[in-house]
Amino acid sequence: STPEMSTLTGLTYRQLDYWIRNRVIPAYWIIGDNTPGSGRARRWRSEAIEPLIVAARITRQLGRGTNLSSADMARVIRNYTDGHLDFGGGIRLTWT
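Residues numbered from 1 in each chain as written. Predicted model: local features only at pLDDT ≥ 70, side-chain atom pairs only at ≥ 80, totals over all residues. Heavy atoms only, no water.

On to the overall build of the protein chain. Secondary structure summary: the protein chain contains 4 helices and 4 strands in total. Mapped from its N terminus to its C terminus, the protein chain presents α and β elements in the order α-α-β-β-α-α-β-β. Across the 96 residues that make up the protein chain, the buried fraction comes to 32%. A sequence separation of at least 24 residues applies to 44% of the contacts in the protein chain between residues at least 6 apart. Total accessible area on the protein chain is roughly 6400 Å²; 50% of this is exposed by carbon and sulfur atoms. (Helix = DSSP H or I, 4+ residues; strand = E, 2+ residues; numbered from the N terminus. Buried < 20%, exposed > 50% of the residue type's maximum accessible area, 1.4 Å probe, protein only. Contact = heavy atoms within 4.5 Å. Areas by Shrake-Rupley, 256 points an atom, 1.4 Å probe, with all protein chains shown as cover.)

Quick look at the structure:
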């Protein structure tokens, strides 16, 4: 459920919900119906945990003074699941 994912990742329920509604989080990470306001608890795939923990850390590191757009965060999450993070300026972290 989203409250459980919130506990696991350190992201707030509202942040997760916002990212889902704005397509920052890939739809395939949600199992079943993802209709906003459906009254059903969202169920998450296990592969969503690690990239969302990274997203939470990035969000915390930026703090309140710096904003990362939803599009930028979606790119970070997409690249993470592809096995790399691009930080710009030719800096790229890759893993297998």
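Attention shifts here to the side chain of Arg-42. Structurally, Arg-42 is set in the loop between β1 (30-31) and β2 (43-44). Looking at Arg-42, its side chain comes within polar contact range of the side chain of Asp-17, at 3.0 Å. (Polar contact = N/O pair within 3.5 Å; in protein donor to acceptor, adjacent residues only side chain to side chain.)

Turning our attention to the nonpolar core. Ranked by internal contacts, the top residues of the largest apolar core, which has 18 residues, are Trp-19, Ile-25, Trp-44 and Leu-52. Tallying contributions element by element places helix α4 (residues 70-81) first for this core, with 4 residues. In contact with Trp-44, other than residues within four places in its own chain, are Ser-1, Thr-2, Met-5, Leu-16, Ile-20, Ile-25, Trp-29, Ile-30, Ile-31 and Leu-52. (Core = buried A, V, L, I, M, F, W, Y, C linked by side-chain atoms within 4.5 Å.)

With that settled, consider helix α2 (residues 13-21). Where α2 is concerned, the buried positions are Leu-16, Asp-17, Trp-19 and Ile-20. All buried residues of α2 lie within an arc of 165° about the axis, which places them on one face of the element. (Arc of directions from axis to C-beta.)

Under the defined criterion, the tally for this structure stands at 2 salt bridges. The partner of Asp-17 in a salt bridge is Arg-42, with the nearest N and O atoms 3.0 Å apart. Of this pair, Asp-17 sits in helix α2 while Arg-42 is found in the loop between β1 and β2, placing the two residues 25 residues apart along the sequence. Considered together, Asp-17 and Arg-42 belong to a single accessibility category, that of buried residues. (Salt bridge = Lys/Arg side-chain N within 4 Å of Asp/Glu carboxyl O.)

As for its position among the elements, Arg-21 is in helix α2. At 2.8 Å, the side chain of Arg-21 forms a polar contact with the side chain of Asp-17.

With respect to the element layout, Ser-6 can be found in helix α1 (residues 2-9). In this structure, the C-alpha to C-alpha distance between Ser-6 and Ala-56, residues 50 residues apart in sequence, is 9.8 Å.

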